[in-house]
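Listed here are the chains, written in short residue letters.
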Amino acid sequence: MAEHPRLILRNFLSPDTCKELEFIHKSCCTVGYRPNVFSTTVSHLIATNSAHLIMPLVPIRERLKEKVEEHFGCEYELFVEFTGLVSWSKGASIGWHSDDNRDYLKQSGSKAVCYLNSYEVDFTGGLFHFQDGEPSTIAPMAGDVILYTADNRNIHSVSEILEGERTTLTLWFSRDASHDEDAKLLISLSDCSLSSSLDSITSCVPTLASNNMYWFPPEEASRFQSGFDICTARLHVLGFDIFPSCEDCYLSRQDSCHNFLKLLKEPLYLACGDKLLAWEFVNILHALQVMQFYRWKELEIEETAQLKGCCINVNVIPLSELHRQKIDQLKVVLLKDLQLAVTLLGHTSNKKRESFDDELRFSALVCEWESYTLKLRKEMAMSLPYWTAHQSIFSLSQS
Ligand SMILES: O=C(O)CCC(=O)C(=O)O
Ligand SMILES: [Fe+2]
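Naming follows an unreviewed UniProt entry, where the protein chain appears as Fe2OG dioxygenase domain-containing protein of Rehmannia glutinosa.

Written out as structure tokens, the structure reads:
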């Protein structure tokens, strides 16, 4: 082990936790740090009014840090330097490298990679290889974790993703207190007004980042000649298209893409198949988060819909010709390269919804999403004073 300090933990995360983290990533991700990579950093969650979504990560970070300290014999010495959800799509890969050779993470001492989905189920390719020592190859399986030191005793590579989207939760640990991400995160957290209107769901709706981090590929984010908007694309592969809610938002084809992108910050409706859900979302991230939540909780929501009555009123109406035209027009602009979007984000394990015409099911979905969100928001508001006092982000229930 001294020669190649590393550890593999099987089933460290439960299948449901993996699904929850995938839900967070697929609702919030932006373009990532390498080609065909998408990422959701904790600071991005805080910056987009989704700070409460870090709550599910908190106990995992803690358990992982303990494991790394225990295994590498450095109890109470490590700080979390970076926490992020990352997915690699078709074409992404990385050759032999150690994780300490990056300018932006010089101090990184060790790393944990938690796999949130599985090789040959959700993606093909994407095998992890260590250059020396055992095990030499790891096929990612949902729930498994690899821990390794970031130095040249653990030179590794990831083979090219051939199909699908390979998703991980990645943590970097450092011995250097000045690289502790908690201190920085707590500053951003203190800036957001969490405690106000704890019961109001509108205060928990995500907001879009001000600069466009949602256009893929990032090189095209100022010109929009090719590529796609990630949020529109993720909704599309789930079977939903967007329809702007304000009548004046009818833009002509000559309008610039910037105008279309502004629309994503405005209220909108979703269409599925030949139906329009007559329920207004606050913006595209709100719509995406609710629909990704549905993917995660689909079975439970089916049951709840039958048991409980509605808490909101929603009509599902047939799409008119005018609706259809507006939807198609937006699609032409926001999904310039539809095929690329489907290839990168729409693996067959993400089955596309053909219709959504059950009003009861939709209202059950909105209720469940709201209560999940408010629960996390309350937990967060309760934890924050303790975090601030200790200058550390930790799980109250475990301590
Ligand atoms: O996702 C993995 O398995 C490891 C990725 C990696 O090596 C890196 O991002 O440096
Ligand atoms: Fe690496």
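Moving on, there is more to tell.
**Student:** What is the right way to look at the domain arrangement of the protein chain in this model?
**Tutor:** Interface extent is often summarised as the accessible area lost during association of the parts. Domain parsing of the protein chain yields domain 1 (6-192) and domain 2 (238-377). Computed from C-alpha coordinates alone, the two centres of domain 1 and domain 2 are separated by 30 Å. Residue-level contacts link 23 residues of domain 1 with 16 residues of domain 2. Across the domain 1/domain 2 interface, buried area totals approximately 1800 Å², and carbon plus sulfur atoms make up 59% of it. For domain 1, the biggest contributors to the area lost against domain 2 are Phe23, Lys26 and His52; these three give 33% of the whole.

**Student:** Whenever I open this one, the sheet that holds strand 9 (residues 137-138) confuses me. Can you help?
**Tutor:** Strands belonging to one sheet form pairs held by backbone hydrogen bonds; the direction of such a pair is parallel or antiparallel. Here we have 4 strands laid out as an open sheet, ordered 5-11-8-9, and antiparallel in their pairing. What marks the edges here is a single partner per strand, and that holds for strand 5 (94-97) and strand 9.

**Student:** It is not clear to me how the packing of helix 5 (residues 230-238) against helix 9 (residues 338-345) should be interpreted in this structure. Could you clarify?
**Tutor:** For any two helices packed against each other, the geometry comes down to the angle between their axes and how far apart the axes lie. At a minimum axis separation of 10 Å, helix 5 and helix 9 run at an interaxial angle of 70 degrees. In terms of orientation, helix 5 lies roughly perpendicular with respect to helix 9. Of helix 9, the residues touching helix 5 (which contributes Ile230, Ala233, Arg234, His236 and Val237) are Leu338, Ala341, Val342 and Leu345.

**Student:** It is not clear to me how the coordination of the iron ion (ligand 2) should be interpreted in this structure. Could you clarify?
**Tutor:** Reference values for coordination geometry: four tetrahedral donors around a metal ideally subtend 109.5 degrees, six octahedral donors ideally subtend 90 or 180 degrees. Summarising the metal site, the iron ion (ligand 2) is bound by the protein donors His97 (NE2), Asp99 (OD) and His156 (NE2), whose distances to it range over 2.1 to 2.2 Å. For the iron ion (ligand 2), all donor residues lie on one chain, and their spacing in sequence is H-x1-D-x56-H. Of this pair, Asp99 sits in the loop between strand 5 and strand 6 (108-115) while His156 is found in strand 11 (residues 156-158), placing the two residues 57 residues apart along the sequence.

**Student:** Help me understand the pairing of strand 10 (residues 145-149) in this model?
**Tutor:** Each regular strand carries side chains that alternate between the two faces of the sheet. With 5 of 5 residues buried, strand 10 lies mostly within the body of the structure. Neither face of strand 10 is left uncovered, since the one carrying Val145, Leu147 and Thr149 and the one carrying Ile146 and Tyr148 both have all their residues buried. As paired elements, strand 1 (residues 6-9) and strand 10 share 4 bridges and run antiparallel to each other. Residue pairing in the sheet places Leu9 in a bridge with Val145 of strand 10.

Rules used throughout
Residues numbered from 1 in each chain as written. Chains lettered and ligands numbered in written order. Predicted model: local features only at pLDDT ≥ 70, side-chain atom pairs only at ≥ 80, totals over all residues. Heavy atoms only, no water. Domains from an automatic or database assignment. Contact = heavy atoms within 4.5 Å. Buried area = accessible area lost by both parts, 1.4 Å probe. Pairing = 2+ DSSP bridges. Helix = DSSP H or I, 4+ residues; strand = E, 2+ residues; numbered from the N terminus. Axes fitted to C-alpha atoms, helices over the stretch in contact; angles between N-to-C directions. Parallel < 35°, antiparallel > 145°, perpendicular 65-115°, else oblique. Donors = N, O, S within 2.8 Å, 3.2 Å for Na, K, Ca; no water. Buried < 20%, exposed > 50% of the residue type's maximum accessible area, 1.4 Å probe, protein only.

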